[in-house]
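Observations on the model geometry
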Amino acid sequence: MADPDLAALQSDPELATIFLSEAFDHLSSVEANVLTLEAAPDDRKTLNDVFRPFHTIKAAAGALGLASVEALAHRVENLLDRARFGEHRIGAAEIELILASVDLLTSMMRDVESRLAGYPGNDFDDRCAILIVALDRLTESGPADRQVPAAPPQDEIRDPPQGGRKIGLEGGSSQATVKVDTRKLDSLVDLVGELAIVQSMIHQDPHVLGKADERLNRNLAQLHRITSELQRGSIAMRLVPIRQTFQRMSRLVRDLGHKSGKALDLVVSGEDTELDRKVVEEISDPLMHMLRNSVDHGIEDAETRRRAGKPPQGRLSLSAYHEGGHVVIAVSDDGSGLNAEKIHRKAVAQQLVDPGVPLSEPEIHALIFRPGFSTANELTEISGRGIGMDVVRRNVETLRGRIEIQSTSGVGATFIIKLPLTLATIEGLLLSVGTQRFVLPTFAVRESLRPSRDRTHLIPGQGWVVQVREELLPLVRLADLFGIQGAVSNPDEAVVIVLEDHPRHMALMVDQLLGKQEIVIKSLGEALVNITGVAGGAILADGRISLILDARGLMRLKQREAPSYAA
Amino acid sequence: MPREQSAVPAASSTQAFGGKYLTFVLDAEEYAVSVLKVREIIKVMDITSVPQLPPYVKGVINLRGKVIPVVDLRLKFGMAAKDYSERTCIIVVDVAVRNGRTVLMGVVVDSVSDVMNISADELADPPDFGQTADGNCVQALAKIKGTVKILLNLDSMLGADEELVRA
């Protein structure tokens, strides 16, 4: 391989490790999906799933100066892109070449890995060139022309020695740290979580509660204390500062500046903010896409900036901080902001929205997260094909976070990613509605009260409001939002919980409060993501599951709903 | 669980489907799923309902610390609901979803009957009803000693159900 520039990777071993492990992940996901594609070559979703990893690898390799990897990934991306838009049908020859590319890219990555560890490298130039020619020919040949291209060379160069690859990456630092397989760490964290559940099951067992034995109680209290501490400790082991990810972004911005010819300045803050290791890993792709997007669509060229009275240097900022039980990562630029009119026009042209339906500005902004949406008039090397923001939203939502846009035309745009502290235990308020129980994280609760009759009012056409001190708050029944039968219907027999969340408060009506509990958040599994108003599940002391409520989601549900008249 | 099973394409030939099957009853019919998909069979337990899901998704259960969704097959097939009894079971299955991944799901059935070998020559393609809402959830029909068992393809029935397995 003739990449002259291994320097970027050599100078930063951590970066190299992250880049390589991500690349391997992406490549193995391609392999699985290509096989699905073979069976159903016209499936858009699978095509997108195969397309995306190549797009990401191309971008990352480009940023790190691995030119031949970038070139090859780019060719495959081109081919798949035509297929995505129905201009090219994926057949046997295409599948062969895609798989050959996956193999070659994997070998090239292994080669980078072993060269970083100090082993001599292999030369992939010829294989790479042959494959690129074949891909180009196939891409251009279009659907009618079905000739099978020259078979990619099969003379495999054996992978370099595998043993002791990591040695070269350690460097000379003598920090007192131990490297542990993350799977071991994860299973430890899981086990501690189970332990905490069993501990609380014992704690609340009627047999134990019935005993007034002092020694037993003392021991139980001790057990509880140790379990909590163990849990905190195990969770802390998974936390890492976001510094490394931010460093990669600095390099990316520098390179984007070179490629786009725009003068850029990146301001970074909050690098020491600690997040779950998994979150730090998974957030880097979205951040990359967002920065590329900001540079490409946000920051204007020097001339336009001067006319607008802005400094010639485009200013990007990247910050991380904790806020009310969330970790917030914000990416902002001082560019032109989102052009709502242009986005809407484009969305109409792409038939993503009905032109007759009026949309609010935030709704229009949200359109950029739709798959296949792009406002760039032509493809650029930097941000490509409007697949970026789709990936961003997906990745953020996989982490059970959400993404918001604040944009002012002419002044700039800010993308705010809010991530929950996954895996963390949270203190929750256990409550009941009908026969069902729910947990509400205590950080979302301002207060709870039992309203007297003269404090609740039925506003015609609007529904109930409750007066809490001087404030009149909309009263929302959880039973209505979730369609639960058999709940208390009279507000003065119920409990009202005032939810703390900006921009405004909301009063949630439930039947009863059952107590406070330390709970482990469990995801509802891969199947049931994106249930609005539900943040996950908690296993209660009796082994049953109760849903964890998400205050923000409940507000969104309420807004979506027509006013309720039920009294 | 072996992955190859999940990669079986839509029913084009019945040849590939011979093997061991778990059979169960729903209403008056007998159904079968490949034992390779089955993780375990449990008694009906408390199901926590989850809002915003189609009625055939009964909710989630705690399977030894794992939270898994549960689907009532009667409701999924549009049959009348029936109260759960002593004989009602939850079959825990591996369902292939997008990206080659699998998720665990529980499937509520009236009762579980048997594990049996079904050979390829006992199988017939399901009759063509044209395009149906449920797609190709029936893999094949097995004719055994004058009875018919319906072989279900859980991957295309549940794994591709976008209301159940959300993006």
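One can find the structure itself at the top, above this paragraph.
Scope of this entry: the structure provided in the associated data block. These numbers come from a predicted model, not from an experiment. (Residues numbered from 1 in each chain as written. Chains lettered and ligands numbered in written order. Predicted model: local features only at pLDDT ≥ 70, side-chain atom pairs only at ≥ 80, totals over all residues.)

**Some thoughts on helix 12 (residues 277–298) of chain A**
The end-to-end C-alpha distance of helix 12 of chain A is 30 Å, a good match for the 32 Å that 22 residues give at a rise of 1.5 Å each. Here helix 12 of chain A lies mainly inside the structure; 18 of its 22 residues are buried. (Helix = DSSP H or I, 4+ residues; strand = E, 2+ residues; numbered from the N terminus. Expected span 1.5 Å × (residues − 1). Buried ≥ 20, exposed ≤ 12 C-beta atoms within 10 Å, placed from the backbone.)

**Notes on the interface of chain B and chain A**
The partner chain A presents 31 residues to the 25 residues of chain B that form the contact. When contributions to the side of chain B that touches chain A are tallied by element, the ones reaching two or more residues are strand 4 (57–63), strand 5 (66–72) and strand 7 (102–109) of chain B. Considering only residue class, the side of chain B that touches chain A consists of 14 nonpolar, seven polar and four charged. (Contact = placed C-beta atoms within 7 Å. Nonpolar A, V, L, I, M, F, W, Y, C, P; charged D, E, K, R; others polar.)

**Side note on the packing of helix 2 (residues 13–39) of chain A against helix 3 (residues 44–64) of chain A**
Residues and elements named next belong to chain A. Packing of helix 2 against helix 3 brings their axes to within 9 Å, and their N-to-C directions diverge by 155 degrees. In terms of orientation, helix 2 lies roughly antiparallel with respect to helix 3. Handedness of the helix 2/helix 3 crossing: left-handed. Taking contact as the criterion, the partners of Phe19, Ala23, His26, Leu27, Ser29, Val30, Asn33, Val34, Thr36 and Leu37 in helix 2 are, on helix 3, Thr46, Leu47, Asp49, Val50, Pro53, Thr56, Ile57, Ala60 and Leu64. The residue makeup of the contact of helix 2 with helix 3, split by class, is 12 nonpolar, six polar and one charged. (Axes fitted to C-alpha atoms, helices over the stretch in contact; angles between N-to-C directions. Parallel < 35°, antiparallel > 145°, perpendicular 65-115°, else oblique. Left-handed = near helix turned anticlockwise from the far one by under 90°.)

**As for the environment of Val267 of chain A**
All names here are of chain A. Along the chain, Val267 falls in strand 2 (residues 264–269). Judged by local crowding, Val267 falls into the exposed class, with 10 C-beta atoms found within 10 Å. Each C-alpha atom of the pair Val267 and Ser319 lies 8.1 Å from the other, and the pair is 52 residues apart in sequence. Discounting residues that sit within four places of it in the chain, Val267 has contacts with Arg315 and Ser317.

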